[in-house]
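These are the residues of each chain, in order.
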Amino acid sequence: MDGKAIFLLRRKRTIRVAIVLLGVALTVILISLNTGTIRLSPTSVLKALIGYGTAEESMILYEYRLPRIIITMLAGAGLGIAGAVFQGVSRNTLADPGILGINAGAAFGLIAYISFFRSLDGPAALMIPLFTFAGGAVIALVIFLFAYDRYRGLLPIRLILVGIAVSAGVSAMTLLLSLRLDEDTYTFAARWLAGSVWSRDWVNVWGLFPWIVVLIPIIYYRSATLDLFTLGDETAASLGSAVTRSRLILLALAVALSCASVSMAGGIGFIGLAAPHIAKRLVGPQHRHFLPIAAMTGLVILVAADTIGRSLFQPNAVPAGVVVAAVGGPYFLYLLFTTK
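Criteria and cut-off values
- Residues numbered from 1 in each chain as written.
- Predicted model: local features only at pLDDT ≥ 70, side-chain atom pairs only at ≥ 80, totals over all residues.
- Heavy atoms only, no water.
- Helix = DSSP H or I, 4+ residues; strand = E, 2+ residues; numbered from the N terminus.
- Rg over C-alpha atoms; globule rule 2.2 N^0.38 Å.
- Contact = heavy atoms within 4.5 Å.
- Areas by Shrake-Rupley, 256 points an atom, 1.4 Å probe, with all protein chains shown as cover.
- Lys, Arg positive; Asp, Glu negative; His and termini not counted.
- Charge placed at Lys NZ, Arg CZ, Asp CG, Glu CD.
- 1 Å grid on protein atoms, 1.4 Å probe; cavity = no way out; pocket = protein on both sides within 12 Å on 5 of 7 lines; lining within 4 Å.
- Points joined across faces, edges and corners; volume = space filled by probe spheres on them.
- Phe/Tyr/Trp six-rings, centres within 6.5 Å; stacked < 30°, edge-to-face > 60°.
- Buried < 20%, exposed > 50% of the residue type's maximum accessible area, 1.4 Å probe, protein only.
- Expected span 1.5 Å × (residues − 1).
- Bend = angle between axes of the 7 residues up to and from the residue.
- Patch = residues over 30% accessible without salt bridge, like charges linked within 9 Å, V, L, I, M, F, W, Y side chains within 5 Å.
- Salt bridge = Lys/Arg side-chain N within 4 Å of Asp/Glu carboxyl O.
- Core = buried A, V, L, I, M, F, W, Y, C linked by side-chain atoms within 4.5 Å.
- Nonpolar A, V, L, I, M, F, W, Y, C, P; charged D, E, K, R; others polar.

> Looking at this structure, I do not really get the overall build of the protein. What am I missing?
A count of helices and strands for the protein gives 14 helices and 2 strands. At 20 Å, the protein has a C-alpha radius of gyration in line with the 20 Å of a compact globule built from 340 residues. For the protein, restricting intrachain contacts to residue pairs at least 6 apart in sequence, the fraction spanning at least 24 positions comes to 75%. Summing over all exposed atoms, the protein offers an accessible surface of approximately 16,400 Å²; the carbon and sulfur share of this is 69%. Once the 26 positive and 15 negative side-chain charges of the protein are each reduced to a mean point, those two points are 12 Å apart.

Right under this line is the structure:
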């Protein structure tokens with residue numbers, strides 16, 4: 001079988017998998033719209049969506065559930081893509097935004113804000129995503145600087161090791177600052193750190209939406225470069241790729257994508273690890289095929305986790321990040337022991 005036939009076969013498989021995942025995503029979203037403290041039937045949801053629902057149904061759907069669901073959709077897709085880029089650039093199948101310190105930096109940004117400003121309500125609360133984004137971006141920059149070698153460029157193995165070390169140090173500073181918080185503020189911070197999307201509204205949706213729709217197509221456009229990294233730096237350079245420059249650009253895009261997602265969805269872990277692995281097993285290792293599948297897989301995982309957390313454990317909702325970690329932790333151990 002020649003290369004063109006293999007490409008067509010993989011493209012057909014990707015399309016079939018994408019259609020199946022789209023159906024799963026729509027099913028999960030419909031279930032999420034129907035479940036909650038106040039249950040809405042599918043008929044009520046449909047009527048509210050087309051403008052024929054009651055005032056209460058429309059308020060529940062448009063003011064509470066839709067913003068929350070859209071945030072989980074966007075953040076899940078963003079984390080899935082970011083994880084795929086981190087794994088491709090570092091050539092490490094266990095890399096994800098959490099391991100590389102993005103979540104720790106965002107958490108530090110949150111704790112720093114509420115420690116010094118202590119404003120959680122009103123317009124000032126809109127500063128929280130900015131601080132969490134800035135925290136993740138600054139820590140990522142620190143990791144890049146420590147991992148960079150002036151002669152050999154940005155080294156993948158050093159990137160992972162430095163990320164783990166810096167993440168541990170930043171987490172310790174975050175814990176130290178959190179011990180000074182009052183009970184109510186600490187409860188808010190703990191909920192965010194656990195990956196809760198409770199109380200998200202349309203402002204948060206529009207804050208995250210541009211990052212997702214702009215950065216994901218740019219990353220997909222560079223999918224061929226990600227394929228070259230899997231061959232090794234020397235081979236990629238011999239094929240005409242500016243290795244260090246391309247690695248820095250892709251890492252910057254992935255950091256921005258993951259920081260934006262975490263700033264709105266909270267400290268969600270393991271999606272960036274699991275989604276690319278699942279996508280590779282479904283459609284193969286070429287990034288042009290599995291990047292869209294990784295995005296859809298991350299979307300399904302996070303929406304399903306949020307739905308499970310707020311429906312199966314009523315009246316006390318469990319943050320989506322806790323549900324993801326409950327499944328992602330054992331999956332990480334499985335990958336750790338099965339990856340060569």
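Having seen the structure, we can now continue with the description.
> So what exactly am I meant to see when it comes to the layout of surface pockets here?
Gaps between atoms show up when a probe of the same size as a water molecule is rolled over them. As a volume, the largest pocket reaches approximately 650 Å³. Lining the largest pocket are 23 residues; nearest its centre among them are Thr37, Arg68, Trp198, Arg310 and Ala317. Secondary-structure elements contributing two or more residues to the lining of the largest pocket are helix H3 (55-90) and helix H13 (287-311).

> I would appreciate a short explanation of the packing of aromatic side chains in the present structure.
The description of an aromatic ring pair uses the distance of the two centres, along with the angle that the planes make with each other. The final tally for this structure, using the stated rule, is 3 aromatic pairs. Their ring planes at 55° and their centres at 4.9 Å tell us that Tyr113 and Phe131 sit as a pair that is tilted. Of the two residues, Tyr113 is situated in helix H4 (residues 102-116) and Phe131 in helix H5 (residues 127-147); the sequence distance between them amounts to 18 residues. The buried category is assigned to Tyr113, whose relative accessible area is 3%.

> Would you explain H3 in this entry?
The periodicity of an α-helix, 3.6 residues per turn, causes residues three or four positions apart to be oriented the same way. For H3, which comprises 36 residues, the first-to-last C-alpha distance of 51 Å matches the rise-based estimate of 52 Å (1.5 Å per residue) to within 8%. Its maximal kink placed at Arg65, H3 deviates by approximately 40°, while the proline Pro67 follows within four residues. The element H3 is largely enclosed, with a buried count of 28 among its 36 residues. Remark: Arg91 follows H3 within two positions and exhibits a positive phi of approximately 55°.

> Teacher, can you tell me more about a nonpolar patch on the surface here?
Residues Trp206, Phe209, Val213, Val214 and Ile218 make up a contiguous nonpolar surface patch of roughly 460 Å² in combined accessible area. Along the chain, Trp206 falls in helix H8 (residues 202-221). In this structure Trp206 comes out as exposed when scored by relative accessible area, which is 57%.

> I tried to follow the environment of Ala275 on my own but got confused; where do I start?
For Ala275, the position within the fold is in helix H12 (residues 271-283). Through-space distance from the C-alpha of Ala275 to that of Ala134 is 25 Å; in sequence the pair is 141 residues apart. When near neighbours in sequence (up to four residues on either side) are disregarded, Ala275 contacts Gly80, Ala294, Thr297 and Gly298.

> How do you make sense of the pattern of salt bridges when you look at a structure like this?
Proximity of charged atoms lets side chains of opposite charge pair with each other. Evaluation of the coordinates by the stated rule reveals 2 salt bridges. Here Asp306 ties to Arg310 by a salt bridge, and the two come within 3.4 Å at their closest N and O atoms. With Asp306 and Arg310 both in helix H13, this residue pair falls 4 residues apart, about one helical turn. You'll find Asp306 and Arg310 in the same group, each marked buried. Here the salt bridges do not stand alone but share partners, grouping Arg68, Asp306 and Arg310 into one network.

> What exactly am I supposed to notice about the nonpolar core here?
Counting 76 residues, the largest nonpolar core has Ile81, Val85, Phe86, Leu208 and Leu257 as its most contacted members. With 14 residues, the next largest nonpolar core counts Ile29, Ile69, Leu299 and Val300 among its residues.

> What am I meant to see in the side chain of His277 here?
Summarising the element assignment, His277 is placed in helix H12. With near-sequence residues (within four places) excluded, His277 lies in contact with Gln87, Thr93, Tyr331 and Leu335.

> Please explain a positive patch on the surface as it appears in this structure.
A contiguous patch of positive charge on the surface is contributed by Arg11, Lys12, Arg13 and Arg16. Looking at the secondary structure, you find Arg16 in helix H1 (residues 3-34). What makes Arg16 partly exposed here is its relative accessible area of 48%.

> For this particular structure, what's the right way to read empty space enclosed by the protein?
Counted according to the given criterion, the structure contains 3 cavities of 30 Å³ or more. Its volume calculated, the largest cavity comes out at about 70 Å³. Lining the largest cavity are Phe188, Arg191, Trp192, Ser196, Trp198, Ser199 and Arg200. Residues that form the lining of the largest cavity fall into these classes: 3 nonpolar, 2 polar and 2 charged.

> Please clarify how the environment of Leu335 should be interpreted in this entry.
Following the sequence through the fold, Leu335 ends up in helix H14 (residues 320-338). Overall, Leu335 belongs to the buried group, its relative accessible area being 1%. Between the C-alpha atom of Leu335 and that of Thr93, which follows or precedes it by 242 residues, the distance is 8.5 Å.

> Help me understand the environment of Ala140, please; the structure alone is not making it clear to me.
Tracing the backbone through its elements, the reader meets Ala140 in helix H5. On the basis of relative accessibility, which here comes to 4%, the residue Ala140 falls in the buried class. Taking the C-alpha atoms as reference points, Ala140 and Ala275, 135 residues apart in sequence, are found 21 Å from one another. Once residues within four sequence positions are removed from consideration, Ala140 is found in contact with Ile102 and Val255.

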